[in-house]
Each structure stands twice: as C-alpha cells, then as structure tokens.
Amino acid sequence: MLTKTLCLLVASVCRGQLIEVGIGVNSLHNYIRGLLRPEYFQVCKMHIKARTSIYPVRMNEDTVVTRTSVPEDKVNWSEVWEDYKPVEFTAPFVLTATWADPPLGTPGFDPKWNSVDGKVNRKSFNGEYSVVDGAPRNPEGRTGIQGRGVLGRWGPNHAADPIVTRWRRNKEGVVEINQSTGRKILEFVSIERKDGGGWAIPGGMVDPGETVSATLKREFMEEAMDSTTKNEEENAKNAKMLDEYFLNGEEIYKGYVDDPRNTDNAWMETVAVNFHDDTGEKVGRWQLKAGDDAKSLEWKPISGMITLYASHKDFIQKTAEKLEAHW
C-alpha cells in the first residue's frame, strides 16, 4: 500500500502536477526517489496529461469531449479491465485534412505499422508497439479515448522541439546567479500557444519525408521568427543565421511525450534538441517574433517552478541539468 501511494506521489511530482503542500517540489521529489528502488520509479511514470478529463479540441469548435476516467492502477494494458469502453473521437477537421491518415478500413489505405511507410514514419522511438483489431495501441497505456482525437496519424505522430537557450544577464551584461543554488540562471525561447495550452517550446510536426534537423529549423522560423509573413529576402537572411547556429545542437530527449492530445490509438513522440549560445551574442542578433500559431513569445527564465505544455518541462529540466544551470 505504501509503495502504491508513493508511486502516485512520484507520478504527480515528475509531471509537475503536485499541489502546493508547504515544501519544495524538488525536495519532495528527491526524498521519494530515495525511498523507492529505481525499478519502482520507472513503473510510476504513468499518463498524467494524456488522461486530462477534457480532451483539447480546437478552441473554435463547440464540441466538448470528456475522456473515460482511467485510474492509475488501470493505465497499463497488462491490467485486465473488461469493462473498459473509452470514448471514441476523431476531430472533424482531421477526417477531411489532406495531411492526415484516412479512417482505418478505407479502401487503398494499408498502413505499414512499425516501419517507414513510404514517406510516413510509423516507427516508434520506444520500440515496437502492438496492433490490436487493426489499430495501433498506445505503448504507454490507456488514455480514456480512442480514435485519433486531433492528431493526424494513427500510431506515432512525430515532432521536433528546438530548445534555444542563453544565460540570463542583467543590464550590465553580467550573468545572473540564483542566490539559493549559486548556479547561473538559464533562459529559453518560449511561445504561448493559441490553443490555450500555455507556454511551450516552439516546435512542431515533422512533415512526411522531412529530416528532424530540417523540422527544427523550419518550426523555429515559423513560430519564433514569424517566417510565414516575412518576404523571401528576410527569410533567407534568417535561415543563413540559423544554419550556423543549428549545426551544434545536443539531443536532450527522443521518445514518447505525455501530451493531452494523445489517445489509445494515436500519440505524440518528439526529438528535443538544445541549441545553447554561451555568450548570447548570436541569438541577440535575431529578430524574434511570435508566428501565426503563437499568441506571444518571450525569453523565459528556467526554474523548477515553471509550468509548460505537455512534457516540455521535463525537456527543459534535462537541459538545465546538462548545462549545470539553476533549477
């Protein structure tokens, strides 16, 4: 019983969902990790954001989709749940979109699961996933909703997230130090999503046949440099600056993402790459502006109290640890 209770606490802490209880989140996180063996801690990483009660349909749609509630002890597919009947939902715009898969069973649609299917990558970074009754099954467990939701692909939907960082500096150009940890304060380019999802890394979906490196640059230009409204000359100038800067990125994470858009049959996976400017001189020349998909943009200071979309906080924490920055 104690182990199960600790598991639930760990699940809350590692996803940033803990309610304020009067002690620091990091302190509680470290304490619980010390109590549990490593194998227990891995088991405790369950869906959190992928089980949010209200499914995030587009803001301009009146439809309200509520997930079937999935308790923590029934997340894993290995747990027998004969009465599990999840809500079925695929957004109308997905069903008509040219960039999305058609419904399963559509004549001529014969997806090659767990492989590169033409230009569409249907392989998961987390290994081979199961296909049950002709539909791919979320490898991380039940979500309370079946179908594709607002995602275009059955199975893994691949994205790329560029984490652009620099040291936070005062007006005199001196790097700021956090007084409690004695470590330098890091900040990253963050966008506020228009869909109500809050602050996030300016990433996006990998197009069919596109390399991850190309996606990282394209998405950053679209979401943080507003390339869709700039002329060809301006975009060429920005692309040249990014080409040099984006050569030396370091992979922070590759795999499944705990995303509120996930369903039992469609889920997000990403490659998160950190591009750090130690002097701040390169990124200082950039003219950053929120693109059409973003509500606003800012250099956001990094700490353990930050709240971000999906698993983005996890990626930012890994980046801070890599650079030995304040968290």
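Asker: Would you mind going over the overall build of the protein chain with me for this structure?
Answerer: In terms of regular secondary structure, the protein chain is built from seven helices and 15 strands. Per-residue burial for the protein chain yields a buried fraction of 47% across its 327 residues. Of the accessible surface of the protein chain, which amounts to about 17,000 Å², a share of 49% is contributed by carbon and sulfur atoms.

Asker: Sorry if this is basic, but what is going on with helix α7 (residues 312–322) here?
Answerer: Because each turn of an α-helix spans 3.6 residues, side chains separated by three or four positions end up pointing in the same direction. Among the 11 residues that make up α7, eight are buried, leaving the element largely enclosed by the rest of the structure. Those residues of α7 not exposed but buried are H312, K313, D314, F315, I316, Q317, T319 and A320. Just beyond α7, the residue with positive phi is E324, at close to 55°.

Asker: In this structure, what is going on with the confidence of the model for the protein chain? I would like to understand it.
Answerer: If pLDDT is low for a region, its predicted coordinates should not be looked at in detail. Confidence in the prediction for the protein chain averages 86 pLDDT; 85% of positions are at 70 or higher. The low-confidence segment residues 13–23, where pLDDT is below 50, has 20 contacts with residues more than four positions distant or belonging to other chains. Segment residues 36–44: pLDDT under 50, and 11 contacts once partners within four positions in sequence are set aside and those in other chains are kept.

Asker: Would you mind showing me how to read the packing of helix α5 (residues 212–224) against helix α6 (residues 232–245) here?
Answerer: Where α5 contacts α6, the two axes come as close as 11 Å, and the packing angle between them is 130°. On the basis of their axis angle, the class for α5 and α6 is oblique. The way α5 lies across α6 gives a crossing that is right-handed. Contact with α5, carried on its side by K217, F220 and M221, involves N235, N238, A239, L242 and D243 of α6 and no other residues of that element. Broken down by class, the residue content of the contact of α5 with α6 amounts to four nonpolar, two polar and two charged.

Asker: In this structure, what is going on with the pairing of strand β9 (residues 155–167)? I would like to understand it.
Answerer: The side chains of a regular strand alternate between both faces of the sheet. Of all 13 residues making up β9, 12 are buried, and the element is well covered by its neighbours. Here 12 bridges tie β9 to strand β14 (residues 266–277), and the two strands are oriented parallel to one another. Its bridge partner lying in β14, N157 is registered against M268. Pairing between β9 and strand β12 (residues 204–205): two bridges, direction antiparallel.

Asker: Explanation requested: the nonpolar core in the structure shown.
Answerer: For soluble globular proteins, the rule of thumb is that nonpolar side chains tend to be buried together. Residues I163, F188, I302 and I316 are the most contacted members of the largest nonpolar core, which totals 25 residues. Those elements that place two or more of their residues in this core are β9, β10 (186–193), β11 (199–200), β14 and α7. Counting 19 residues, the second largest nonpolar core, distinct from the first, contains A160, L216, A239 and W286.

Asker: Before we go on, may I ask you to explain α5 in this structure?
Answerer: Between its terminal C-alpha atoms α5 stretches 17 Å, which fits the 18 Å expected from 13 residues at 1.5 Å a residue. Listed as buried for α5 are T215, L216, R218, E219, F220, M221, E223 and A224. Contacts made by the buried residues of α5 are with β9, β10, β12, α6, β14 and β15 (294–301).

Asker: Help me out: how do you make sense of the packing of aromatic side chains in this one?
Answerer: One pair of aromatic rings is described through two measures. These are the centre distance and the angle between the planes. Tallied over the entire structure, the rule returns 11 aromatic pairs. Both rings, one in W81 and one in Y84, keep their centres 4.8 Å apart while their planes meet at 35°; by these two values the pair is tilted. Consider the rings of Y253 and F315, whose centres lie 4.9 Å apart with planes at 25°: the pair is stacked. In this pair, Y253 is assigned in strand β13 (residues 250–256) and F315 in helix α7, connecting sequence segments 62 residues apart. Using a relative accessible area of 1% as the deciding quantity, one classes F315 as buried. One aromatic cluster is present, formed by F220, Y245, F246, F275 and W286 through successive ring pairs. Residue placement shows R142 over the ring face of Y84; its charged tip is 5.2 Å from the ring centre. The residue whose ring lies beneath R166 is W299, and the NZ or CZ to ring-centre distance is 3.9 Å.

What counts and what doesn't
Here the residue numbers are simple positions, counted from 1 along each chain's written sequence. Given that this is a predicted model, residues contribute local features only at a pLDDT of at least 70 and side-chain atom pairs are listed and counted only at 80 or more, while totals for whole chains, interfaces and linings are drawn from all residues. Hydrogen atoms and water are omitted, and side-chain values are computed over all heavy atoms in the structure. Where helices and strands are cited, they refer to DSSP runs of H or I of at least four residues and of E of at least two residues respectively, numbered from the N terminus. Think of it in three bands: residues with accessible area under 20% of the maximum for their type are buried, residues over 50% are exposed, and the middle band is partly exposed, with areas taken using a 1.4 Å probe on protein chains only. All accessible-area figures derive from a Shrake-Rupley calculation using a 1.4 Å probe, and residue coverage is judged against the displayed protein chains alone. Residue-level confidence of the predictor is summarised by pLDDT, bounded by 0 at the bottom and 100 at the top. Note on definitions: a residue-residue contact is assigned when non-hydrogen atoms from the two residues lie within 4.5 Å. Lines fitted to C-alpha atoms define the axes, with helix axes restricted to the stretch in contact, and inter-axis angles between N-to-C directions lie between 0 and 180 degrees. Angle categories: roughly parallel below 35 degrees, roughly antiparallel above 145, roughly perpendicular from 65 to 115, and oblique for all the rest. Helix crossings get a hand from a simple test, with the near helix turned counterclockwise from the far one by less than a right angle marking a left-handed crossing and a clockwise turn marking a right-handed one. Gly falls in the polar group here, along with every residue not listed as nonpolar (Ala, Val, Leu, Ile, Met, Phe, Trp, Tyr, Cys, Pro) or charged (Asp, Glu, Lys, Arg). Here a strand pair is declared whenever DSSP counts at least two bridges between the two strands. Only buried residues count toward a nonpolar core. Its members are Ala, Val, Leu, Ile, Met, Phe, Trp, Tyr and Cys residues joined through side-chain atoms within 4.5 Å. The span expected for a helix works out to 1.5 Å for each residue beyond the first. Here a pair means two rings of Phe, Tyr or Trp (six-membered ring of Trp) with centres within 6.5 Å. Their orientation is stacked below 30 degrees between planes, edge-to-face above 60, and tilted elsewhere. Two conditions define a charge sitting above a ring: the NZ of Lys or the CZ of Arg must be within 6 Å of the ring centre, and it must be within 35 degrees of the ring normal.

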